[in-house]
Amino acid sequence: MRKWLQDKEIRAIESLDPDVAHYFTRGCGDDLVATEAPEAWRARRWRPRVLRDVSRIDTGVRLWGDWRMPLGVAPTAFHRLLHDGGEVATATGAAAAGVPFVLSSRATRRIEDVAAAIGGPWWFQVYLMHERSVTKALVQRAERHGATALVLTGDTPYVGYRASATGPRPLPITDDDALINIAEHLALDAGADPWPLIDQDPALSLTDIDWLREISDLPILVKGVLHPADAVACVDHGADGIWVSNHGGRQFDRAIATADALPSIVDAVDDDIPVVVDGGVRDGLDALTALALGARMAFVGRPVLWGLRTAGAAGVQQVLEEFAADIRHWAGCAGAARTADLDRSYLV
Ligand SMILES: Cc1cc2nc3c(=O)[nH]c(=O)nc-3n(C[C@H](O)[C@H](O)[C@H](O)COP(=O)(O)O)c2cc1C
């Protein structure tokens, strides 16, 4: 099933400016983690079950929304670099496929327009910016416009080192796009550089979960967790869910693969705390492996971006439909009539 996605990725990359392609494809450093991620899912072996009536297969999941399958769209930045429709197009495709769309704090379309395109529940990814009032304004706008969960990204105290393809050139993105949700909340003198105020604050700590709780009623997932002790500490500070992620290999180039980190985190937190995961999920069997290891849902970053680049909202939906068909197929062949019932007994 991966060939179709690889072909799409190649077509997307070939159509892009080399620096833009580099930004979307690469991890950080030597790209060790981004390269290893898909292999870690594929390394798992299954014990498929037999004689279990899989004539009907239920892939539904309820997690701050009712979703058609246990797969969602991870937050990624700057979609207008890929397609004019930007996040509105991506969100439209995700909503048509019945999966959660997580809007990045670094989106290039307005929160209000994305929410209207979805017309249902969605999640908002939070970067804690130096200027907390901007973060607060974004969170409260998201909540007003139908977001049903906040995803606090914890793994970017400093942005991972990614040399550009052609040398030190900034991404070809205008401030109008990059600051589309942010500019109205900044009181800046003309010509002043906004980034010192809106970059992620490396002082981010557990107490910021408490702060988010004060400014919003939404459930909070902490994203970028790889250590079980951090998962426990986040939950102790009131986190409602844990998102196991290494940021698609973009933050720490010798980090553990998420497939390997997931089980110890599932074991560390109470059963009623949902754990979700992303990183290198490239087909339905990867997603089902995540579920068997204890994740409630798996998320994809780059695959939907290739759909967005090649065919806008329809391309995003098409990628997700391929995943949906693949998930159903492999769940049936594994003998799992309900994907939510998968557990580690299916794995070697
Ligand atoms: C181009 C790009 C931009 C990203 N931007 C964000 C972001 O704004 N916020 C965030 O929490 N994660 C961001 N991520 C990380 C993704 O949410 C996710 O963890 C990762 O892409 C999953 O791995 P995959 O791409 O292998 O599926 C980004 C990833 C990529 C590839």
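Quick caveat: nothing in here was measured; it's all calculated off a predicted structure. (Residues numbered from 1 in each chain as written. Predicted model: local features only at pLDDT ≥ 70, side-chain atom pairs only at ≥ 80, totals over all residues. Heavy atoms only, no water.)

### Some thoughts on the overall build of the protein
Thinking step 1. Each helix and strand counted, the protein has 13 helices and 10 strands in total.
Thinking step 2. The C-alpha radius of gyration computed for the protein amounts to 19 Å, which stays within 12% of the reference 20 Å derived for 348 residues, consistent with globular compactness.
Thinking step 3. Taken along the three principal axes of its C-alpha coordinates, the protein extends 70 × 45 × 40 Å.
Thinking step 4. Across the 348 residues of the protein, 54% fall into the buried class.
Thinking step 5. Considering only contacts in the protein between residues 6 or more positions apart, those separated by 24 or more positions represent 75%.
Thinking step 6. For the protein, the accessible area works out to roughly 14500 Å², and carbon and sulfur atoms hold 52% of it.
Thinking step 7. Positive and negative charge centroids in the protein, built from 35 and 48 side chains respectively, lie 6 Å apart. (Helix = DSSP H or I, 4+ residues; strand = E, 2+ residues; numbered from the N terminus. Rg over C-alpha atoms; globule rule 2.2 N^0.38 Å. Buried < 20%, exposed > 50% of the residue type's maximum accessible area, 1.4 Å probe, protein only. Contact = heavy atoms within 4.5 Å. Areas by Shrake-Rupley, 256 points an atom, 1.4 Å probe, with all protein chains shown as cover. Lys, Arg positive; Asp, Glu negative; His and termini not counted. Charge placed at Lys NZ, Arg CZ, Asp CG, Glu CD.)

### Details of the pattern of salt bridges
Opposite charge on two side chains lets them pair, provided their charged atoms get close.
Thinking step 1. In total, this model carries 19 salt bridges according to the counting rule given.
Thinking step 2. Of the charged contacts in the structure, one is a salt bridge between R110 and E112, with a shortest N-O distance of 3.4 Å.
Thinking step 3. A salt bridge links R213 to D240, with the nearest nitrogen and oxygen atoms 2.8 Å apart. Placement of R213 in helix α9 (residues 207-215) and of D240 in the loop between α10 (228-236) and β8 (241-244) is noted, with a sequence separation of 27 residues between them.
Thinking step 4. Because the salt bridges share partners, they merge into one network encompassing R110, E112, R141 and E184. (Salt bridge = Lys/Arg side-chain N within 4 Å of Asp/Glu carboxyl O.)

### So, the UniProt feature "active site" (unreviewed entry) in the protein
Thinking step 1. Cross-referencing UniProt, the feature "active site" (unreviewed entry) maps to H247 in the present numbering.
Thinking step 2. Tracing the backbone through its elements, the reader meets H247 in the loop between β8 and α11 (258-268).
Thinking step 3. Setting aside anything within four residues of it in sequence, one finds H247 in contact with Y127, T153, D155, T156 and K223.
Thinking step 4. Among the polar contacts listed, one links the side chain of H247 to the side chain of D155, at a separation of 2.8 Å. (UniProt positions renumbered as here; feature names shortened; annotations may be inferred. Polar contact = N/O pair within 3.5 Å; in protein donor to acceptor, adjacent residues only side chain to side chain.)

### Thoughts on the site of the ligand
Thinking step 1. In the vicinity of the ligand lie 22 residues, with P75, S104, T153, D278 and R282 positioned nearest.
Thinking step 2. Within the contact set of the ligand, an oxygen atom lies 2.6 Å away from a backbone nitrogen or oxygen of P75.
Thinking step 3. The separation between an oxygen atom of the ligand and a polar side-chain atom of D278 is 2.6 Å.
Thinking step 4. For the ligand, whose free accessible area comes to 600 Å², the fraction covered by protein is 98%.
Thinking step 5. Residue classes in the shell around the ligand are distributed as seven nonpolar, 10 polar and five charged. (Near = heavy atom within 4 Å. Nonpolar A, V, L, I, M, F, W, Y, C, P; charged D, E, K, R; others polar.)

### Describing the packing of aromatic side chains
Thinking step 1. With the rule as written, the count across this model stands at eight aromatic pairs.
Thinking step 2. With a centroid separation of 6.1 Å and an interplanar angle of 65 degrees, the aromatic rings of W46 and Y346 are classed as edge-to-face. Pair noted here: W46 is in the loop between α3 (32-42) and β1 (61-62) and Y346 is in the segment after α13 (302-334), with a separation of 300 residues, a long-range link. Each member of the pair W46 and Y346 is classed as buried. (Phe/Tyr/Trp six-rings, centres within 6.5 Å; stacked < 30°, edge-to-face > 60°.)

### Side note on the sheet that holds strand β7 (residues 220-225)
Strands belonging to one sheet form pairs held by backbone hydrogen bonds; the direction of such a pair is parallel or antiparallel.
Thinking step 1. Strand order across the open sheet formed by eight strands is β3-β10-β9-β8-β7-β6-β5-β4, with parallel pairing between neighbours. The outermost strands of the open sheet, each flanked by one partner alone, are β3 (71-73) and β4 (102-103).
Thinking step 2. Where strand β6 (residues 147-153) lies against β7, four bridges are found, and the strand directions are parallel. Within β7, the residue paired with L152 across the bridge is V222. (Pairing = 2+ DSSP bridges.)

### Quick look at the side chain of S245
Thinking step 1. Within the secondary structure layout, S245 lies in the loop between β8 and α11.
Thinking step 2. Setting aside residues no more than four positions away along its own chain, S245 makes contact with D155, K223, G224, V225, L226, T258 and D278.

### A closer look at the nonpolar core
Thinking step 1. One finds L71, W122, F124, L212, I242, L262 and L320 to be the most contacted residues of the largest nonpolar core, which totals 98 residues.
Thinking step 2. In terms of residues, this core owes the most to one element, α13, which gives 12 residues.
Thinking step 3. Those residues in contact with L212 that sit more than four places away from it in its chain are V126, V139, L150, L152 and I220.
Thinking step 4. Grouped together as the second largest cluster of nonpolar side chains are 13 residues, V61, L63, W243 and V276 included. (Core = buried A, V, L, I, M, F, W, Y, C linked by side-chain atoms within 4.5 Å.)

### A look at a negative patch on the surface
Thinking step 1. A contiguous patch of negative charge, built from D175, D176, D193 and D199, is present on the exposed surface.
Thinking step 2. Examined against the element boundaries, D199 turns out to sit in the loop between α8 (195-198) and α9.
Thinking step 3. Its relative accessible area of 34% is what places D199 among the partly exposed residues. (Patch = residues over 30% accessible without salt bridge, like charges linked within 9 Å, V, L, I, M, F, W, Y side chains within 5 Å.)

### Focus on the environment of I327
Thinking step 1. Considering the arrangement of structural elements, one finds I327 in helix α13.
Thinking step 2. For I327 and A115, which are 212 residues apart along the polypeptide, the C-alpha to C-alpha distance reads 27 Å.
Thinking step 3. In this structure, I327 is in contact with T59, M69, P70, L71, G284, A287, L288 and T339, ignoring residues within four places of it in sequence.

### Re unusual backbone geometry
Thinking step 1. The phi torsion at D31 lies on the positive side, around 65 degrees, for a residue other than glycine.
Thinking step 2. For D31, the position within the fold is in the loop between α2 (18-25) and α3.
Thinking step 3. Located in the positive-phi region is L51, a residue other than glycine, with phi close to 55 degrees.
Thinking step 4. Note on placement: L51 falls in the loop between α3 and β1.
Thinking step 5. By relative accessible area, which is 87% here, L51 ends up exposed.

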